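# Structural characterization, general
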Amino acid sequence: MDDAKKRVQDNVIWKSIFRPGSIYRKGYRDTSRDRALAAMNNVLYHLHPVKVKRHGLKLTYTYCLGGISFFLFVVLTITGIFLMFFYRPTAGANTELAYLDMRNIIAGVTFGNLVRNMHRWGAHLMVFTVFLHMARVFYHGAYKPPREFNWVVGVILLTLTLLLSFTGYLLPWDQLAIWAVTVGTEMMGFTPVFGKQVQFVLLGGVEVGPETLLRFYVMHVLLLPFVLVVFLAVHFWRIRKDGGISGPL
Amino acid sequence: MAAAQAARAEGADAGEAAGATQAAAVATAETPSGRLTPEQRAARVQESLKSKGGNGAAQSIGVPGTSEHTHRLLALVPPAGIQQVHSKQADKVYTWPHLLLVEFVSLLAVGVLLLIVSYFLDPIFRTLANPNLTPNPSKAPWYFLGLQELLRYFHPMVAGVTIPGVGLIILGAAGYIDKNPSAKPDNRKFANLAFTMFLVLWTVLVFAGSFFRGPGFNWVWPWQDGLFFEL
């Protein structure tokens, strides 16, 4: 057994994957040094420092809300990719593929209904946890200097979360979807100066139609997630640079 | 001091280290902020090289006389140029295993919750979209129903654009508006009150729009006419 382990760990490929000092390279022993290395010699080091303030572990302080929001984003990405295999964003007279594909996902695809439900409930839950995360940060005064810019990034992320959820709302192409989005984009169209133009670009026309579906699909699966990931990276990076999580009251 | 140590680390002998310290001390006296213009820096390097005795061809700090490469002179960073961090020793624990285990458990809990809800509850899937058949009421997704509720009271531009736009800007600017350095709830009653009012107002609007608006977006009681809410 030890011999096999040594053979796996003692070759060029393994060593190229795990850096010198990695616990996967030399074996983990429960020492202070190895506990430090478990975070430090790892991509994780970009998110977490080696040591965290003890109050950060208290559930009543953090509620893990930011972490849960991020976890839900990961779940939504994975379930979303699964759904993309079975979904075509096409509508229009006699080519209602989007709706038919939705029916197929619900009734015909193995685990399709479960994954679709997870994607949908997860989205609602994410809007909710992001909102709660914001409230927690506010009540702890954690938006104050030096974290004021990260709070701005957080507000942008909240907006992006809402937009992601909103663009996803249209994709089932059922009665609920198109009328909810019609109401939403109507409101958007009342922006002064450029409202009508923005609305026209988003809808690909003057009202919700097949072009809207394609545009919302691209925004939902590509544009908005891309922007969100960029801001997420800045958000996480700033947490580290601004002195880690906030202190006790 | 750091400069001297660094110089020693470069493998220089004790005399050079002393020279480096001297140069650093001079620099500190001249520029308390520790920031030097490139010209000042170049002048200081020259001075330091001269102080070694010699014509500036100082093998003394590891730079060949003819070399253009002076980056090893990092050893001359004045103490004032080094970022000083004054903080108390915090009570800290190792990320692994303490924090990562907590995170893993909360992740599992949320994952299981989501899985159970998704297994037992199916979200609504209606008939095919029909642009010619408007359901009554037509509602936005729930998180926009607060805005839709505002449409009952204000002009669409005010309700749909001005209020959310100004609201988001004020929210984002909170860190710049709030000059109170304290994070203690006792010291920031106004901020907490204002934010709580914002949350309560928003929740009330969303609930009203979600559960108490029926056909024509008129007020209905859910126990009389049923719910007109769909997720």
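Definitions and limits used
Residues numbered from 1 in each chain as written. Chains lettered and ligands numbered in written order. Predicted model: local features only at pLDDT ≥ 70, side-chain atom pairs only at ≥ 80, totals over all residues. Heavy atoms only, no water. Helix = DSSP H or I, 4+ residues; strand = E, 2+ residues; numbered from the N terminus. Rg over C-alpha atoms; globule rule 2.2 N^0.38 Å. Buried < 20%, exposed > 50% of the residue type's maximum accessible area, 1.4 Å probe, protein only. Contact = heavy atoms within 4.5 Å. Areas by Shrake-Rupley, 256 points an atom, 1.4 Å probe, with all protein chains shown as cover. Polar contact = N/O pair within 3.5 Å; in protein donor to acceptor, adjacent residues only side chain to side chain. Axes fitted to C-alpha atoms, helices over the stretch in contact; angles between N-to-C directions. Parallel < 35°, antiparallel > 145°, perpendicular 65-115°, else oblique. Left-handed = near helix turned anticlockwise from the far one by under 90°. Core = buried A, V, L, I, M, F, W, Y, C linked by side-chain atoms within 4.5 Å. Salt bridge = Lys/Arg side-chain N within 4 Å of Asp/Glu carboxyl O. Phe/Tyr/Trp six-rings, centres within 6.5 Å; stacked < 30°, edge-to-face > 60°. Lys NZ or Arg CZ within 6 Å of the ring centre and 35° of its normal. pLDDT = per-residue confidence, 0-100. Patch = residues over 30% accessible without salt bridge, like charges linked within 9 Å, V, L, I, M, F, W, Y side chains within 5 Å. Buried area = accessible area lost by both parts, 1.4 Å probe. Nonpolar A, V, L, I, M, F, W, Y, C, P; charged D, E, K, R; others polar. Pairing = 2+ DSSP bridges. Expected span 1.5 Å × (residues − 1).

Regarding its fold elements, chain A presents 12 helices and 1 strand. For chain A, the α and β elements follow one another from N to C terminus as α-α-α-α-β-α-α-α-α-α-α-α-α. What you see for chain A is a C-alpha radius of gyration of 23 Å, clearly larger than the 18 Å of a compact globule of 249 residues, by over 25%. Each principal axis of the C-alpha atoms in chain A carries an extent, and together these give about 65 × 50 × 30 Å.

Counting its regular elements, chain B contains 9 helices and 1 strand. Traced from its N-terminal end to its C-terminal end, chain B shows the element sequence α-α-α-β-α-α-α-α-α-α. Burial analysis of chain B (231 residues in total) assigns 33% to the buried set. Partitioning the contacts of chain B with sequence separation of at least 6, the portion at a separation of at least 24 is 54%. As presented, chain B carries roughly 14,500 Å² of accessible surface, and 65% of it is formed by carbon and sulfur atoms.

Now for the side chain of Thr129 of chain A. All names here are of chain A. Along the polypeptide, Thr129 turns up in helix α8 (residues 112-139). Owing to a relative accessible area of 6%, Thr129 belongs among the buried residues under this scheme. For Thr129, the side chain forms a polar contact with the side chain of Ser69, separated by 3.2 Å. Beyond its immediate stretch of four places on either side in the chain, Thr129 contacts Leu65, Ile68, Ser69 and Leu72.

Below, the discussion takes up the packing of α8 of chain A against helix α4 (residues 95-120) of chain B. Orientation of α8 of chain A relative to α4 of chain B, taken along the N-to-C sense of each, is 120°, at an axis distance of 8 Å. Of the possible angle classes, the one that applies to α8 of chain A and α4 of chain B is oblique. For the pair α8 of chain A and α4 of chain B, the sense of crossing is right-handed. On the side of α8 of chain A, the interface is formed by Leu114, Asn117, Met118, Trp121, Gly122 and Leu125 of chain A, while α4 of chain B contributes Val110, Leu114, Leu115, Val117, Ser118 and Tyr119 of chain B.

Residue and element names in this part refer to chain A. Core analysis: the biggest nonpolar cluster contains 75 residues, and Tyr87, Trp151, Leu170, Trp173 and Leu213 have the highest contact counts within it. At 11 residues, the largest contribution of residues to this core is made by α8. Not counting residues up to four positions away in its chain, the partners in contact with Tyr87 are Ala98, Asp101, Met102, Ile105, Leu171, Leu213 and Tyr217.

Right, let's get into the pattern of salt bridges. Residue and element names in this part refer to chain A. Counted according to the given criterion, the structure contains 12 salt bridges over all chains. Residue Asp10 pairs with Lys15 through a salt bridge whose shortest N-O separation is 3.1 Å. Under the relative-accessibility criterion, Asp10 is labelled partly exposed at 44%. With a relative accessible area of 35%, Lys15 lands in the partly exposed category. A salt bridge links Asp30 to Arg35, with the nearest nitrogen and oxygen atoms 2.8 Å apart. The class for Asp30 is exposed, based on a relative accessible area of 53%.

Let us look at the packing of aromatic side chains. Each aromatic ring pair is summarised here by two numbers: the centre-to-centre distance and the angle between the ring planes. As enumerated under the stated definition, the model contains 25 aromatic pairs over all chains in all. Grouped by ring-pair contacts, the aromatic residues Phe138, Tyr139, Tyr143 and Trp151 of chain A together with Phe195 and Phe198 of chain B constitute a single cluster. Over the aromatic face of Tyr45 of chain A sits the side chain of Arg240 of chain A, whose NZ or CZ is 5.2 Å from the ring centroid. Taking NZ or CZ as reference, Arg188 of chain B lies 5.3 Å from the ring centre of Phe138 of chain A, over its face.

To continue, consider the confidence of the model for chain A. For chain A, the average pLDDT comes to 93, and 100% of its residues sit at 70 or higher. Element-level pLDDT for chain A is lowest in helix α3 (residues 23-26) of chain A, with a mean of 85, against a maximum mean of 97 in helix α6 (residues 65-84) of chain A.

A few words on the environment of Phe212 of chain B. Looking at the element boundaries, Phe212 of chain B is found in the loop between α8 (189-211) and α9 (222-225). For Phe212 of chain B, the residues in contact, after removing those within four places along its chain, are Phe207, Asn218, Trp219, Val220, Trp221, Pro222 and Trp223 of chain B.

Another aspect to go through is a nonpolar patch on the surface. All names here are of chain B. Nonpolar side chains collect at one region of the surface, where Val112, Ile116, Tyr119 and Phe120 lie side by side and expose about 480 Å² of accessible area between them. By the element assignment, Tyr119 lies in helix α4. Residue Tyr119 is classed as exposed on the basis of its relative accessible area, which comes to 60%.

Moving on, we come to the interface of chain A and chain B. Taken together, the 70 residues of chain A in the interface contact 73 residues of chain B. Summed over both sides, the interface of chain A with chain B buries roughly 6,900 Å², with 73% coming from carbon and sulfur. Of all residues in chain A, Trp121, Gln175 and Met187 of chain A give up the largest surface area on contact with chain B, accounting jointly for 11% of the area buried on that side. Between Asp178 of chain B and Lys144 of chain A there is a salt bridge, with its nearest N and O atoms 3.6 Å apart. Where chain A meets chain B, there are 33 residue pairs in polar contact (both at pLDDT 80 or more). Listing elements by their share of the side of chain A that touches chain B, those giving two or more residues are α4 (32-40), β1 (51-53), α6, α7 (97-107), α8, α9 (148-170) and α10 (175-188) of chain A. Here the side of chain A that touches chain B gets 16 residues from one element, more than from any other, and that element is α8 of chain A. Split into classes, the residues belonging to the side of chain A that touches chain B amount to 47 nonpolar, 12 polar and 11 charged. Where β1 of chain A and strand β1 (residues 92-94) of chain B come together, 3 bridges link them in antiparallel fashion. Across the sheet, the residue bridging to Lys51 of chain A is Tyr94 of chain B, located in β1 of chain B.

Next up on the list: α8 of chain B. Helix length check: α8 of chain B, at 23 residues, gives a terminal C-alpha distance of 32 Å against a target of 33 Å (1.5 Å per residue), a fit within 8%. Among all positions of α8 of chain B, only Ala191, Asn192, Phe195, Leu199, Leu205, Val206, Ala208, Gly209 and Ser210 of chain B are buried. As for α8 of chain B, its buried residues are in contact with α8 of chain A together with α5 (145-150) and α6 (156-172) of chain B.

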